[in-house]
Amino acid sequence: MKKTFTLLFFSLFFWNCGSVKQVAPAKYNPQFTYTPEQRTQVSQSSLTVAIIDPVFSDGENNILVEPYKSFVKNMADDFEEVLNANGFKIKGPYKTRDEMVYTEKLNSDFAIEIEVEILSEGGDFGKRSLSLGDALLYKNAYRLGGTFYHKGRIILTATDPMDGEKFWKKTIDLDRKPVTTDGNLKFTGAVSTLSDELILKDTGIYNPIAKVLELYYADAMKSLSRQIDPREMAQISEQIKAKRKRVGQ
């Protein structure tokens, strides 16, 4: 009788532990889209801009994982629409300036290059305990959770497509925003050995990051649209033409 009671007790114990397990949230689909509010007619005399694909940098490397990958990719498409809406003719986009052939460089008034920098900072993000039932089943395992902060900037540079010389630069700061996470996946080993791709499979971490990037995207695209003033860019174009004339390009 005692043995039967013990087995029943442990069966109920593990059933109860399992009944309070967290359910992983569905993956959030961030809306990285922007539609210009106004449009200027493109004419024969409109300046021609060569667009170089945005480059993402976290200050250390250029490894792109979702949702950062879509953030940068969609920015390339929407920025082309922003320039067109501001009355510019478009060449590209190109992966790099070196991808352009000579005539494309010569017939472009200037090139626009974009660098996206998003940095992570501080907070209490790190290991979190599993539920009691999981802790008994998965030795030395843990969840990830807590708050860290994202901040960064987007750098616009206008260059001469012929040789890459810089003529104009604008920086759009991305405000410091908290990213509060509550992970669901189980990990083992040192946190420092986990890849970003593996960590971001956890929707409890992915979703809060995606929502912050969504806010960044909307603010950044509005700012980018305001920064590209056709009158100012016409002056840049004249400076590039004058330089080309001096060096005989």
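Please read all numbers here as calculations on a predicted model, not as lab measurements. (Residues numbered from 1 in each chain as written. Predicted model: local features only at pLDDT ≥ 70, side-chain atom pairs only at ≥ 80, totals over all residues. Heavy atoms only, no water.)

Helices and strands together make up the secondary structure of the chain, namely 7 helices and 7 strands. For the chain, the N- to C-terminal ordering of α and β elements is α-β-β-α-β-α-β-β-α-β-β-α-α-α. Within the chain, the fraction of its 249 residues that count as buried is 43%. Contacts in the chain between residues far apart in sequence, at least 24 positions, make up 79% of those at least 6 positions apart. Approximately 14,300 Å² of the chain is accessible, and the part contributed by carbon and sulfur atoms is 51%. (Helix = DSSP H or I, 4+ residues; strand = E, 2+ residues; numbered from the N terminus. Buried < 20%, exposed > 50% of the residue type's maximum accessible area, 1.4 Å probe, protein only. Contact = heavy atoms within 4.5 Å. Areas by Shrake-Rupley, 256 points an atom, 1.4 Å probe, with all protein chains shown as cover.)

With that settled, the discussion passes to the pattern of salt bridges. Enumeration according to the criterion identifies 15 salt bridges in this entry. Between Asp134 and Lys186 there is a salt bridge, with the nearest N and O atoms lying 3.7 Å from each other. One end of the pair, Asp134, is in helix H4 (residues 132-137); the other, Lys186, is in the loop between strand E7 (166-182) and helix H5 (196-199), with 52 residues separating them in the sequence. Since its relative accessible area comes to 37%, Lys186 is described here as partly exposed. With its nearest N and O atoms 3.6 Å apart, the salt bridge here joins Lys243 to Glu165. Of the two residues, Lys243 sits in helix H7 (residues 230-247) while Glu165 sits in the loop between strand E6 (143-159) and E7, which places them 78 residues apart along the sequence. For Lys243, a relative accessible area of 4% gives the class buried. Judged by relative accessible area, Glu165 falls into the partly exposed class, the value being 35%. The structure contains a network of salt bridges with shared partners spanning Asp160, Asp163, Glu165, Lys243 and Arg244. (Salt bridge = Lys/Arg side-chain N within 4 Å of Asp/Glu carboxyl O.)

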